[in-house]
Amino acid sequence: MGRWVCRLILALYLLLYLAALYIAVVGSFGLLGHEPEALASVFLVFIALPWSFDVLLLTFLPVPIVIPQVLLALAPLLNAWLIHRVCSKERPSANAQKP
């Protein structure tokens, strides 16, 4: 029973990530007739926690501005991978006999 709940959480997280990424791209570049918005990526920052803090520290280093933006867009995938690893980990069943 717990596996499907874990997979549902992963699916909802990935849908939320895709929605935040869509809002960030459309809002940042002013696509689809929207005005460019400076705070369009705020949802993506929250979805990418705790990795977004590390990525945002890169903005203070002399690197091209594209690198932190791309890393911030990909950081939620690390969280999704961690959720997947927790979901796929084998758990002993309650009916298993102890040796």
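See the structure printed just above.
A short tour of the structure in this document, coming up. Small disclaimer: the values here were computed from a predicted structure and weren't measured. (Residues numbered from 1 in each chain as written. Predicted model: local features only at pLDDT ≥ 70, side-chain atom pairs only at ≥ 80, totals over all residues. Heavy atoms only, no water.)

## Remarks on a nonpolar patch on the surface
The condition that has to hold: Note on patches: the residues involved have over 30% relative accessible area and no salt bridge, like charges join within 9 Å, and the nonpolar side chains Val, Leu, Ile, Met, Phe, Trp and Tyr join within 5 Å. With residues, only the protein chains shown are counted as cover, and all accessible areas are computed by Shrake-Rupley using a 1.4 Å probe. Whenever a carboxyl oxygen of Asp or Glu lies within 4 Å of a side-chain nitrogen of Lys or Arg, that contact is scored as a salt bridge. Helix and strand assignments come from DSSP, with helices taken as H or I runs of at least 4 residues and strands as E runs of at least 2, each series counted from the N terminus.
Nonpolar side chains collect at one region of the surface, where Y22, I23, V25, F29, L31, L32, L39, V42, F43, F46, L49 and F53 lie side by side and expose about 1,200 Å² of accessible area between them. Of all the secondary structure elements, the ones that give two or more residues to the nonpolar patch are α1 (2-29) and α2 (42-47). In terms of residues, the nonpolar patch owes the most to one element, α1, which gives four residues. By the element assignment, L31 lies in the loop between α1 and α2.

## Observations regarding the state of the cysteines
Threshold: By convention in this document, the label disulfide applies to cysteine sulfur atom pairs within 2.5 Å. A simple rule labels every residue: compare its accessible area, found with a 1.4 Å probe on the protein chains alone, to the largest value its type can have, and call it buried under 20%, exposed over 50%, or partly exposed in between.
For the coordinates displayed, the defined rule picks out one disulfide. Each sulfur of the disulfide joining C6 and C87 lies 1.7 Å from the other. With the S-S dihedral at roughly -85°, the linkage between C6 and C87 falls on the left-handed side. Here the residue C6 occupies a position in helix α1, and C87 occupies one in helix α4 (residues 66-88), the gap between them amounting to 81 residues. Here the two residues C6 and C87 agree in accessibility, since each one is buried.

## Some words on α1
Going by this rule: To estimate how far a helix should reach, multiply one less than its number of residues by 1.5 Å. Any pair of residues with heavy atoms lying within 4.5 Å of one another is described as a contacting pair.
Along its 28 residues, α1 runs 41 Å from first to last C-alpha, staying within 8% of the 40 Å computed at 1.5 Å per residue. Residues of α1 that are buried include every one of C6, L10, Y13, Y17, A20, A24, V26 and G27, and no others. The inward-facing, buried residues of α1 contact α2 and α4. Immediately downstream of α1, the backbone of G30 shows phi near 70°, a positive value.

## Thoughts on the nonpolar core
Worth spelling out the cut-off: Only buried residues count toward a nonpolar core. Its members are Ala, Val, Leu, Ile, Met, Phe, Trp, Tyr and Cys residues joined through side-chain atoms within 4.5 Å.
By size, the foremost hydrophobic cluster in this structure holds nine residues: L10, Y13, Y17, A20, A24, L44, I47, A73 and A80. Looking at this core, the elements that each hand over two or more residues are α1, α2 and α4. Looking at this core, the element that brings in the most residues is α1, giving five residues. Y13 has contacts with I47, P76, N79, A80 and I83, leaving out every residue within four places of it along the chain. Ranked by size, the runner-up nonpolar core spans five residues in total, among them A48, V55, L72 and A75.

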